[in-house]
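# Understanding the architecture of this molecule
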Amino acid sequence: MSVETKGMLDFASLKYERPDVEHFKEVVQSTRLKLMSARDPEVAIAALIEYEKELSKFDTQVCLCNILHDLDTSNQFYTDEVAFCDEASANVSELCSAVSSVLLSSPCADAIREKYGDMIFLKAKNLKETVSKEVIDDLVEEANLETEYAQIQSEASISFNGKMLNLSMLEPFLESTDRDTRIKAHKALDDYYTSKVEIFDEIYDKMVKVRTRIAQKLGYESFTELGYKRMERYDYNRDDVQKFRDAVVKYIVPITVQIRKLQKERLGVDKLMFYDLPCIFKNGNPVPTIKMKDYQKVAGDVFTDVLGAEPSFYDVLSEHGFTDLISRKNKSTGGYCMYLEDYAIPFIFMNANGTADDVSTIVHEGGHAYAAIKSAEVSPFVECLSPTLETCEIHSTAMEYLTYPYMENYFGEYAASYRELHMTLALLFLPYGCMVDEYQHIVYDNPDYTPAERHKVWHDLEEKYQPFIKYDDHPFHAMGGAWMKKDHIFTTPFYYIDYCLAQICALELWDEAENDYKGALIKYNHLCECGGNATFLKILEEVGLTSPFNTDVIKRLAYKTCSFLEL
Ligand code: ZN
């Protein structure tokens, strides 16, 4: 484990320095020259390592800039720097693409492949096919639009019960046990989005257009194809993904209909409305029985118990300020784990608000951080440290299941109820995730759709994937606007299915852990240690997990989870 207590830096001591793109350009030029001319593999490798150092430096500063901005979105300096970094990133990815081109045709390519494997070459070819000089301005425009959406959402100020709340602070009220409170909270949310529909429609329309333009300039028919390349899907395609979604409709949707039926009976309502959906249990969803200020300490204890090392990686990260858990005004929304390559340290960012979701997020982001630390030395190439994103999501989602036996630490006597809630939400999530994915396929296959047509698409998909959903006089939701709440649709196109693929793999590990916890943990550690040295399906094979495209595994897990939930 490379994160150590002694000698580790404090997050507060890290200084952001604006990345020097001109210098990076010089390094790229000299790397290209050496790769083109070197006959001695050692010379070529040395040049590559030098370039990797500069790339790591650049990535680290961009990450740091984003984290510092997200911790205080009212700080104009970092808002401006994020804009600078967005533009710089577009230029740098073009420069990286230029290095990729010469790496692929370098006289030493075979020797490099022999020594370090194929992955860096797969990535080089992929990058060459996703970025070129002609699309730089478009990439900057795309990044600016993404920032604009995120900025509006982070500044959301919703009037509720005489207070002004941001989106995360409103969440506990959305799942309140008191129906009137739930109705009012959902009404407030609906009003907020109604006031933003036009601007979000406009931003998304521009995004679809600019992404389509980028795809066409690069020689693709639609952005969908480019989206798959950007997501680095090396060993599966859209047909596989469609079969996966079909299996979810066939095996999981009926379970969710049953879950909602039982929920309706439990809540004792005559019609289960959409504002009832977040309240799974009559007496309320379990909430942590500990205070938010104790989350860090308990997280450290839980990870020590699961992984058997003391202090746990989490204790070390917390102690040095690499975690920021609690929601507050002017903090960006969402949760993530970002890896600061130069320091080989991850940073965990989230918005705890006192709900059960806090705990799922703590262990989820903790899983990402643990995997990042475990694979810090698997490759000399920063591009190959962590795997493609569906695999990263197994690191995090499987950790949610591996910590099941320790949930008493957070929920006391309500731990069983938390596990039931967590599994229920996992099953409800699968159709939702597939819906987000299918929505994007339709949108990018039909880039000329009007905003109204896009809302109609979402509306129809809800009938397929969430047949139980009922809206009444909530105009924003009823017209098919709910997709606007999902930031991934704006900021990371085609990412969302990765969560669903990972969920199936993580559930397989859960099932194994139910029978043989130690065996499942060994597999999990093996998975994390693989880092990014292979593609998704190859890693699964290496570790002994079933491909989620094998629909039998979905059918089997549907059965197992039903019996866990006693459905
Ligand atoms: Zn994640």
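Residues numbered from 1 in each chain as written. Predicted model: local features only at pLDDT ≥ 70, side-chain atom pairs only at ≥ 80, totals over all residues. Heavy atoms only, no water.

Only H364 (NE2), H368 (NE2), E393 (OE) and E393 (OE) from the protein reach the zinc ion as donors, at distances of 2.1 to 2.7 Å. Relative to the metal, the 4 donor atoms surrounding the zinc ion lie at angles of 53 to 145 degrees, and the coordination shape comes out irregular. (Donors = N, O, S within 2.8 Å, 3.2 Å for Na, K, Ca; no water. Tetrahedral: all angles 85-135°; square planar, octahedral: opposite > 155°, others 65-115°.)

Helix geometry: helix α8 (residues 179-217) is bent most strongly at K196, by close to 50 degrees. Just downstream of α8 lies G219, where phi reads positive at about 95 degrees. (Bend = angle between axes of the 7 residues up to and from the residue. Helix = DSSP H or I, 4+ residues; strand = E, 2+ residues; numbered from the N terminus.)

Along the chain, the position of S312 falls in the loop between α11 (295-307) and α12 (313-319). Among the residues examined, S312 registers a relative accessible area of 1% and is labelled buried. (Buried < 20%, exposed > 50% of the residue type's maximum accessible area, 1.4 Å probe, protein only.)

What follows is about unusual backbone geometry. Excluding glycine, residues mostly carry a negative phi; peptide bonds, for their part, are mostly trans. In the segment running from E310 into P311, the intervening peptide bond is cis, with an omega of -5 degrees. With respect to the helices and strands, the residue P311 is situated in the loop between α11 and α12. Positioned with a positive phi, N161 is a non-glycine residue whose angle comes to about 50 degrees. Overall, N161 belongs to the exposed group, its relative accessible area being 55%. In the Ramachandran plot, E566 falls in the positive-phi region, its phi being about 55 degrees despite a non-glycine side chain. Here E566 lies in the segment after α23 (551-564). Relative accessible area serves as the criterion here: at 70%, E566 is assigned to the exposed category.

Time to look at the pattern of salt bridges. For the structure on display, the rule yields 37 salt bridges. Residues D205 and K209 are paired through a salt bridge, measuring 3.2 Å at the closest nitrogen-oxygen approach. Of the two residues, D205 and K209 both sit in helix α8, 4 residues apart, roughly one turn of that helix. Among the residues examined, K209 registers a relative accessible area of 33% and is labelled partly exposed. Its salt-bridge partner being E508, residue R556 comes within 3.5 Å of it at the nearest N-O pair. Of this pair, R556 sits in helix α23 while E508 sits in helix α20 (residues 497-515), placing them 48 residues apart in sequence. By relative accessible area, E508 is classed as buried at 10%. When salt bridges with common partners are traced through the structure, they connect D138, E141, R213 and K217 into a single cluster. (Salt bridge = Lys/Arg side-chain N within 4 Å of Asp/Glu carboxyl O.)

Everything listed here is a matter of coordinates, which is why it stays silent on function.
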